Amino acid sequence: MNTVRKFRAPNRLSMLVRADGGVMAKDALAAADAALEPLRAESLAVLDAALAEIESRFGKSAAATRAAGVYQDLYTLALRIIDVSGFLPGSCVDQAAISFCALVDNCAEADAWRWDAVDVHINALRLLRTADLGPDQRRAVIEGLNKVSQRGSKATEGL
């Protein structure tokens, strides 16, 4: 009868984990955060500038001229907010801007602005950017925005 011999093949990954000289995950994350920090102020300035431009060109204060605005311009401004919203983790600004893009897309497809919904999104973006809201409150705002965005798409389906 043969004798069973057991052996364990060396695992390269486990050897690398046990080896000295590696960087701990928490240290790598801290270094990444430190490397991004110089970009934070500039990115938040871009976000605030995009929001200000949205308000000045498409907000209630521009009611007389906003109908002449181009859907693509508003969509691009909302995308700019998404681009830099990573510096506001947990703020839901990115989700609000995504909902805004969906609204603009629906308006472009229907070839009709829904100014009440645009105003709601602008106000929500400003609120999420500046107010000290809890996570549940932020989620409620996003749920409301998604309903506002979807309402237009369902209304235009029958056209």
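The shown structure was predicted, so the numbers you read here are calculated from the model rather than taken from an experiment.

Novice: Break down the overall build of the protein chain for me, with residues and values.
Specialist: Along the backbone of the protein chain there are six helices and zero strands. Ordered by position from the N terminus, the helices and strands of the protein chain form the series α-α-α-α-α-α. Against the 2.2 N^0.38 benchmark of 15 Å for 159 residues, the protein chain shows a C-alpha radius of gyration of 24 Å, more extended than a compact globule. Overall, the protein chain is about 90 × 45 × 30 Å in size when its C-alpha atoms are taken along their principal axes. For the protein chain, buried positions account for 31% of its 159 residues. Residue pairs in contact within the protein chain that sit at least 24 positions apart in sequence constitute 68% of those at least 6 positions apart. Split by element, the accessible area of the protein chain, about 10600 Å² in all, is 56% carbon and sulfur. Averaging the locations of the 19 positively and 20 negatively charged side chains of the protein chain gives two centres separated by 10 Å.

Novice: Requested: an account of the nonpolar core, with residues and values cited.
Specialist: Residues Leu74, Ile81, Phe100, Val118 and Leu125 are the most contacted members of the largest nonpolar core, which totals 34 residues. Counting residues per element, the ones that place at least two in this core are helix H2 (25-58), helix H3 (71-84), helix H4 (93-110), helix H5 (115-130) and helix H6 (135-157). Here this core takes eight residues from H4, the largest share from any one element. With residues near it in sequence (within four places) discarded, Val118 still touches Phe58, Leu74, Phe100, Leu103 and Trp113.

Novice: Go over the pattern of salt bridges with me, naming the residues and quoting the values.
Specialist: Applying the stated rule across the entire model yields eight salt bridges. Between Arg129 and Asp48 there is a salt bridge whose closest N-O contact spans 2.8 Å. Taken together, the residues Arg129 in helix H5 and Asp48 in helix H2 connect sequence positions 81 residues apart. Arg57 serves as the salt-bridge partner of Asp73, at 2.8 Å between the closest nitrogen and oxygen. Residue Asp73 is found in helix H3, and its partner Arg57 is found in helix H2; the two are separated by 16 residues along the sequence. Given the relative accessible area of 31%, Arg57 is considered partly exposed. A network of salt bridges, in which partner residues are shared, links Glu53, Arg57, Asp73 and Arg80.

Novice: Break down the packing of H4 against H5 for me, with residues and values.
Specialist: How two helices sit against one another is set out by the angle between their axes and by the gap between those axes. Close contact between H4 and H5 brings their axes to 9 Å; oriented N to C, the two are set at 170°. With respect to H5, the axis of H4 lies roughly antiparallel. Touching Val93, Ala96, Ala97, Ser99, Phe100 and Leu103 of H4 are Ala117, Val118, His121, Ile122, Leu125, Leu128 and Arg129, all from H5. For the contact of H4 with H5, the per-class residue count stands at ten nonpolar, two polar and one charged.

Novice: Kindly report on the state of the cysteines, identifying the contributing residues and their values.
Specialist: For the structure shown, the criterion picks out zero disulfides. Cysteine Cys92 is unpaired, with the sulfur of Cys101 as its nearest cysteine sulfur at 16 Å. Cys107 takes part in no disulfide bond, and the closest cysteine sulfur, belonging to Cys101, lies 12 Å away. Assessed through its relative accessible area of 1%, Cys107 is described here as buried.

Novice: Describe in detail H2, supporting the description with residues and values.
Specialist: Roughly 45° is the biggest bend found in H2, and it falls at Pro38. Those residues of H2 that sit buried are Ser43, Leu44, Leu47, Ala50, Leu51, Ile54 and Phe58. Elements that come into contact with the buried residues of H2 comprise H3, H4 and H5.

Cut-offs and rules
- Residues numbered from 1 in each chain as written.
- Predicted model: local features only at pLDDT ≥ 70, side-chain atom pairs only at ≥ 80, totals over all residues.
- Heavy atoms only, no water.
- Helix = DSSP H or I, 4+ residues; strand = E, 2+ residues; numbered from the N terminus.
- Rg over C-alpha atoms; globule rule 2.2 N^0.38 Å.
- Buried < 20%, exposed > 50% of the residue type's maximum accessible area, 1.4 Å probe, protein only.
- Contact = heavy atoms within 4.5 Å.
- Areas by Shrake-Rupley, 256 points an atom, 1.4 Å probe, with all protein chains shown as cover.
- Lys, Arg positive; Asp, Glu negative; His and termini not counted.
- Charge placed at Lys NZ, Arg CZ, Asp CG, Glu CD.
- Core = buried A, V, L, I, M, F, W, Y, C linked by side-chain atoms within 4.5 Å.
- Salt bridge = Lys/Arg side-chain N within 4 Å of Asp/Glu carboxyl O.
- Axes fitted to C-alpha atoms, helices over the stretch in contact; angles between N-to-C directions.
- Parallel < 35°, antiparallel > 145°, perpendicular 65-115°, else oblique.
- Nonpolar A, V, L, I, M, F, W, Y, C, P; charged D, E, K, R; others polar.
- Disulfide = S-S within 2.5 Å.
- Bend = angle between axes of the 7 residues up to and from the residue.

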